[in-house]
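# Survey of secondary and tertiary structure
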Amino acid sequence: NSLADIVVLVSTAALVLSVFWFRDLLASLAAVVTCNTFGLIEDFGVLVPVWSEYSTYALVLSGVTLLAALVMTLRAPHYQDDAVRPVYARRLAERLLMQTEVSAARDAQLRLLPDQPPQLPGLAVEAACQPAREVGGDFYDFFVLPRQRLGILTAEGGSAGLASALTIGLAKGFLLYAARRDWTAAEALRRLSPILRDATHQAIERLGLAYLTIDPPTRAVQVARLGAYPRVFRIQDRGGSEIALFEIAGEARLAEAKITLAPGESLVIVTDGLVKRFLAKREHPLEQWLAQIDGRVAASAASLKEDLFHQAGGSQGDLDDDLTAVVLRFDRTPVVERVEVA
């Protein structure tokens, strides 16, 4: 009995330690169970004498099992954890990683958005961004320009998650610098385009930027766009229509326009998520709704923005792309013209 206990104790200790040497947990567990079984047979032999007749066979069987376990440990192929991990476990890890990235992108996107639109005499500005479940990276911001003017950036992120949020953050920082230099809208985007391309190490085909500079006293607006979106619409008394942009020579994706709005007119800047969502929900394009817009809806920037999101179902939770719109409207009340003093 004492011999059996010693054999079991030594064998068990050796096999448990072999886990650290050979990293073959299965073989070690099999050997430990075998040794414990031999020990139980010896214990039963004390209580029931007939069991003692099998102790020799049990000892031989335990020795053979230990030898087989040792051979398997030394000769068996070794596998990494990734090689034997179930497919669903790998998919789960990937999904958790994607959810973490989406959450980080959403948080970064919301933190970059301004708290509230600026308040300027004669100009009402409203803006909203409804993030989707899969963050599209849409963004808007406002810049104070010299001579009481306003710059407005609206960005279509291209549905690239965290990469979109970081790219838009880079664009925001550059346009802050451009605002201090008082560049025109087209000049600012022309200088920004190669910087974005170099920073992302790829063509920024899915990214779109619209940058507007507004002079409230004269109601003069410069519009520049990099990419197919965002789209800019002009809302007049007879309805809305898209502003025609003209491509800048030598810049395939950069276009601009210069317009002067009348009192009571508005501009609506929207990203592709809202355009596609509107078509899916209303079964007619956004342009048609804007062309036939009710005068009461267009009476203020706030009502125009609210009805636009309502028509597109912006409050529903099934968004697959961000819904972003910036609305600005010039009051009908005459604005005092700025007088330049020499």
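The rules behind the values
Residues numbered from 1 in each chain as written. Predicted model: local features only at pLDDT ≥ 70, side-chain atom pairs only at ≥ 80, totals over all residues. Heavy atoms only, no water. Helix = DSSP H or I, 4+ residues; strand = E, 2+ residues; numbered from the N terminus. Buried < 20%, exposed > 50% of the residue type's maximum accessible area, 1.4 Å probe, protein only. Contact = heavy atoms within 4.5 Å. Areas by Shrake-Rupley, 256 points an atom, 1.4 Å probe, with all protein chains shown as cover. Phe/Tyr/Trp six-rings, centres within 6.5 Å; stacked < 30°, edge-to-face > 60°. Pairing = 2+ DSSP bridges. Axes fitted to C-alpha atoms, helices over the stretch in contact; angles between N-to-C directions. Core = buried A, V, L, I, M, F, W, Y, C linked by side-chain atoms within 4.5 Å. Salt bridge = Lys/Arg side-chain N within 4 Å of Asp/Glu carboxyl O.

### A short note on the overall build of the protein
What the protein contains, in helices and strands, is 10 helices and 11 strands. The buried share of the protein, taken over its 342 residues, is 44%. Look at the contacts in the protein between residues 6 or more apart in sequence, and 70% of them connect residues 24 or more apart. Taken as a whole, the protein presents about 19,100 Å² of accessible surface, with 59% of it coming from carbon and sulfur.

### Digging into the packing of aromatic side chains
For the structure shown, the criterion picks out 6 aromatic pairs. Each ring, one from Phe143 and one from Tyr211, has its centre 6.2 Å from the other, and the planes form 75 degrees; the classification is edge-to-face. Within this pair, whereas Phe143 is found in strand 2 (residues 139-145), its partner Tyr211 is found in strand 4 (residues 208-215), the two being separated by 68 residues in sequence. Residue Phe143 is classed as buried on the basis of its relative accessible area, which comes to 2%. Arranged with centres 6.0 Å apart and planes meeting at 40 degrees, the rings of Phe174 and Trp183 form a pair that is tilted.

### A few points about the sheet that holds strand 11 (residues 323-330)
If you walk across this open sheet you meet the 5 strands as 1-11-10-6-7, and the pairing is antiparallel. A strand with exactly one partner marks an edge of an open sheet, and here the two such strands are strand 1 (123-130) and strand 7 (239-242). In this sheet, neighbouring strand axes are inclined to one another by 20 degrees on average, regardless of whether the strands run parallel or antiparallel. Strand direction decides the pairing type here: strand 6 (residues 231-236) and strand 10 (residues 266-270), joined by 5 bridges, are antiparallel. Each residue of the ladder has a partner; that of Ile235, found in strand 10, is Ser266. In the packing of helix 8 (residues 272-282) onto the sheet, contacts are made with strand 6, strand 10 and strand 11, and the angle to strand 11 comes to roughly 100 degrees.

### Section: the nonpolar core
Ranked by size, the top nonpolar core spans 51 residues in total, and within it Leu209, Tyr211, Val221 and Leu267 carry the most contacts. Ignoring sequence-local partners within four residues, the contact set of Leu267 consists of Leu212, Val221, Val232, Phe233, Arg234, Ile243, Ile259, Leu261, Val326, Val327 and Leu328. One finds Leu274, Phe278, Ala298 and Ala312 within the second-largest nonpolar core, a separate group that totals 24 residues.

### A look at the pairing of strand 9 (residues 254-260)
Two strands pair when backbone bridges link them, and strand 5 (residues 220-226) and strand 9 are joined in this way by 7 bridges, in the antiparallel orientation. Note on strand 9: the bridge partner recorded for Arg225 is Ala255. Relative to strand 9, strand 8 (residues 246-247) runs antiparallel, the two being bridged by 2 bridges. Within strand 9, the residue paired with Glu247 across the bridge is Ala255.

### Focus: the pattern of salt bridges
Counted by the stated rule, this structure contains 10 salt bridges. Members of the salt-bridge network, linked through shared partners, are Arg147, Arg149 and Asp182.

### As for the sheet that holds strand 5
Think of a sheet as strands paired side by side through backbone hydrogen bonds, with each pair either parallel or antiparallel. Pairing within the open sheet is antiparallel, and its 6 strands lie in the order 2-3-4-5-9-8. Edge positions in the sheet fall to strand 2 and strand 8, since each of these pairs with one other strand and no more.

### Let's talk about helix 10 (residues 301-311)
Residues Ala301, Leu304, Lys305, Asp307, Leu308, Phe309 and Gln311 constitute the buried set of helix 10. Close packing links the buried residues of helix 10 with strand 1, strand 6, strand 10, helix 8, helix 9 (286-291) and strand 11. At the exit of helix 10 stands Gly313, carrying a positive phi of roughly 70 degrees.

These values are about where atoms sit, not about what they do.
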